[in-house]
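Here are the chains, one letter per residue:
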Amino acid sequence: MANDRLTVAVLGPGGVGGLLAALLSRTGHRVICLAGEETARALGTDGIEVRSGHFGDFTARVEADTVLREPVDACFVAVKATALDAALERVPAKALGDAGLVVPLLNGVEHPAALRKLYRSEQVAPAVIRVESTRVSPGVIEHGSPFAEVDLTGDTAPRERVDALAGALERAGVRVRVQEDEAAVLWAKMSFLAPFALLTTRYGVPLGDVRTRHRAELVALTEEVAAVSRASGAPVDAAAALARYDAFPPGTKSSMQRDAEAGRTLELDAIGGALLRAADRFGVPVPVASGLVRELAGPDGS
């Protein structure tokens, strides 16, 4: 990353990955999207069309392939946790090289450890993103939120590489913070996401209904997740989390709820399962979370 122009791979050019790919390409970086044959063909031919009130409407040219074939400065991993293992076959460690960063944008807190088994520890720089962005068809992205914010961590990755990537994202219009404490970053998102995802999906209602009709359960679950987060070394203020829920538009739905409505596999294990495993590890009682995960898993536990 010695010069300003980066070569960036994006594994999973959907709502989040596709938006980042287009923004980086628009500002002059070389972008290689990694996807299945049909999607790769569409992106290589037509590029990525972004429809956004915040960033404007534009089309960005990108390269596309089914597998990474050369070293890159960074590879964003923007697939669902349920598709992670299969998707990583598109990013062989040998092709990535020794210097490229692997930047996962997944939900949950357990995926960095899995990635460090496949790639060198100093290459893994976990991040979280706050954005509402949806792929409506291959190569067509609708960005609905008036922001796109990334918290990028560098506990094990070389700081100069993390800073270079952060700078590229900032110039592309993404608000970026580089944080030193990986656990704090991941649990800060988990503490907000878990109650939001579990309750909206369990009851099939948007956030506005959860915070009114199921307020007591929301408060109890938020306090449970905050307790697990604190035990994991990442202090979280439950009252602040509740205030954030109250500030969101009442019609807001979680991505897990949208997956349930579409009949897609839920990220239940990556979110609810990871929460329960951390609670068990630290001896934190989480009866509300346990009940919700059990109900969402169904009688066969799936």
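A quick note: this is a predicted structure, and the numbers were derived from the prediction, not measured.

Visitor: Mind showing me how you'd approach the overall build of the protein chain here?
Guide: The helix and strand inventory of the protein chain stands at 13 helices and 12 strands. For 302 residues, the compact-globule formula gives about 19 Å, and the C-alpha radius of gyration of the protein chain, at 19 Å, lands near that figure. For the protein chain, the spread of C-alpha atoms along the three principal axes comes to 50 × 35 × 35 Å. A separation threshold of at least 6 residues defines the contact pool for the protein chain, and within that pool the share at least 24 residues apart is 70%. By element, 50% of the accessible surface of the protein chain is carried by carbon and sulfur atoms, the whole surface being about 13,000 Å². Across the protein chain, the 33 positively charged side chains and the 39 negatively charged ones have centroids separated by 2 Å.

Visitor: I'm lost on the layout of surface pockets in this one. Help?
Guide: Which parts of space are left empty comes out when a probe the size of a water molecule is rolled across the atoms. Here the second largest pocket is characterised by a volume of approximately 480 Å³. Along the walls of the second largest pocket sit 24 residues, with Ala-81, Thr-82, Leu-268, Asp-269 and Ala-270 positioned nearest its centre. Breaking the lining of the second largest pocket down by element, the ones donating at least two residues are α3 (84-87), α5 (111-118), α12 (268-282) and α13 (287-297). Looking at the lining of the second largest pocket, the element that brings in the most residues is α12, giving 5 residues. Considered class by class, the residues forming the lining of the second largest pocket number 11 nonpolar, 8 polar and 5 charged.

Visitor: How do you make sense of empty space enclosed by the protein when you look at a structure like this?
Guide: One pass over the structure, following the stated rule, counts 1 cavity of 30 Å³ or more. The computed volume of the largest cavity comes to approximately 50 Å³. Around the largest cavity, the lining residues are Leu-106, Asn-107, Gly-108, Val-128, Leu-186, Lys-189, Met-190 and Leu-193. The leading source of residues in the lining of the largest cavity is helix α7 (residues 182-203), at 4 residues. Taken together, the residues of the lining of the largest cavity break down into 5 nonpolar, 2 polar and 1 charged.

Visitor: How should helix α11 (residues 255-262) be read in this particular structure?
Guide: Because an α-helix completes one turn every 3.6 residues, residues spaced three or four positions apart along the sequence face the same direction. For α11, the complete set of buried residues consists of Met-256, Gln-257 and Asp-259. Looking down the long axis of α11, one finds its buried residues gathered within 160° of arc, a one-sided arrangement. A positive backbone phi angle near 75° is found at Gly-263, which sits one or two residues after α11.

Visitor: How do you make sense of the side chain of Asn-107 when you look at a structure like this?
Guide: Among the structural elements, Asn-107 can be located in the loop between β7 (101-104) and α5. Classification of Asn-107 by relative accessible area gives buried; the value is 12%. Side chain to side chain, Asn-107 and Lys-189 meet in a polar contact 3.1 Å long. At a separation of 2.9 Å, a polar atom in the side chain of Asn-107 contacts the side chain of Glu-267. Residues in contact with Asn-107, not counting those within four places in the same chain, are Lys-189, Leu-193, Ser-255, Glu-267, Ala-270 and Ile-271.

Visitor: How should the sheet that holds strand β8 (residues 127-130) be read in this particular structure?
Guide: The strands making up a sheet associate through hydrogen bonds between their backbones, and the pairing can be parallel or antiparallel. Sheet architecture is open: 3 strands sit in the order β8-β11-β12, paired in mixed fashion. Every other strand in the sheet has two partners, leaving β8 and β12 (175-179) as the edge strands with one partner each. Neighbour to neighbour, the strand axes of the sheet diverge by 15° on average, direction disregarded. The pairing of β8 with strand β11 (residues 149-153) spans 4 bridges and is classified as antiparallel. Across the sheet, residue Arg-130 finds its bridge partner in β11, namely Glu-149.

Visitor: I tried to follow the sheet that holds strand β5 (residues 63-65) on my own but got confused; where do I start?
Guide: As summarised here, the arrangement of the 5 strands in space is β5-β2-β1-β6-β7, forming an open sheet in which the pairing is parallel. Edge positions in the open sheet fall to β5 and β7, since each of these has one partner strand only. Pairs of neighbouring strands in the sheet enclose a mean axial angle of 20°, with direction left out of account. Bridge count for strand β1 (residues 7-11) against strand β2 (residues 30-34) is 5 bridges, and the pairing is parallel. Each residue of the ladder has a partner; that of Thr-7, found in β2, is Arg-30. Sheet strands touched by helix α1 (residues 15-26): β1, β2 and β6 (74-77). Its angle to β2, the strand with the most contacts, is close to 160°.

Here is what the cut-offs are and how they apply
Residues numbered from 1 in each chain as written. Predicted model: local features only at pLDDT ≥ 70, side-chain atom pairs only at ≥ 80, totals over all residues. Heavy atoms only, no water. Helix = DSSP H or I, 4+ residues; strand = E, 2+ residues; numbered from the N terminus. Rg over C-alpha atoms; globule rule 2.2 N^0.38 Å. Contact = heavy atoms within 4.5 Å. Areas by Shrake-Rupley, 256 points an atom, 1.4 Å probe, with all protein chains shown as cover. Lys, Arg positive; Asp, Glu negative; His and termini not counted. Charge placed at Lys NZ, Arg CZ, Asp CG, Glu CD. 1 Å grid on protein atoms, 1.4 Å probe; cavity = no way out; pocket = protein on both sides within 12 Å on 5 of 7 lines; lining within 4 Å. Points joined across faces, edges and corners; volume = space filled by probe spheres on them. Nonpolar A, V, L, I, M, F, W, Y, C, P; charged D, E, K, R; others polar. Buried < 20%, exposed > 50% of the residue type's maximum accessible area, 1.4 Å probe, protein only. Arc of directions from axis to C-beta. Polar contact = N/O pair within 3.5 Å; in protein donor to acceptor, adjacent residues only side chain to side chain. Pairing = 2+ DSSP bridges. Axes fitted to C-alpha atoms, helices over the stretch in contact; angles between N-to-C directions.

So yeah, pure geometry; function would need other evidence.
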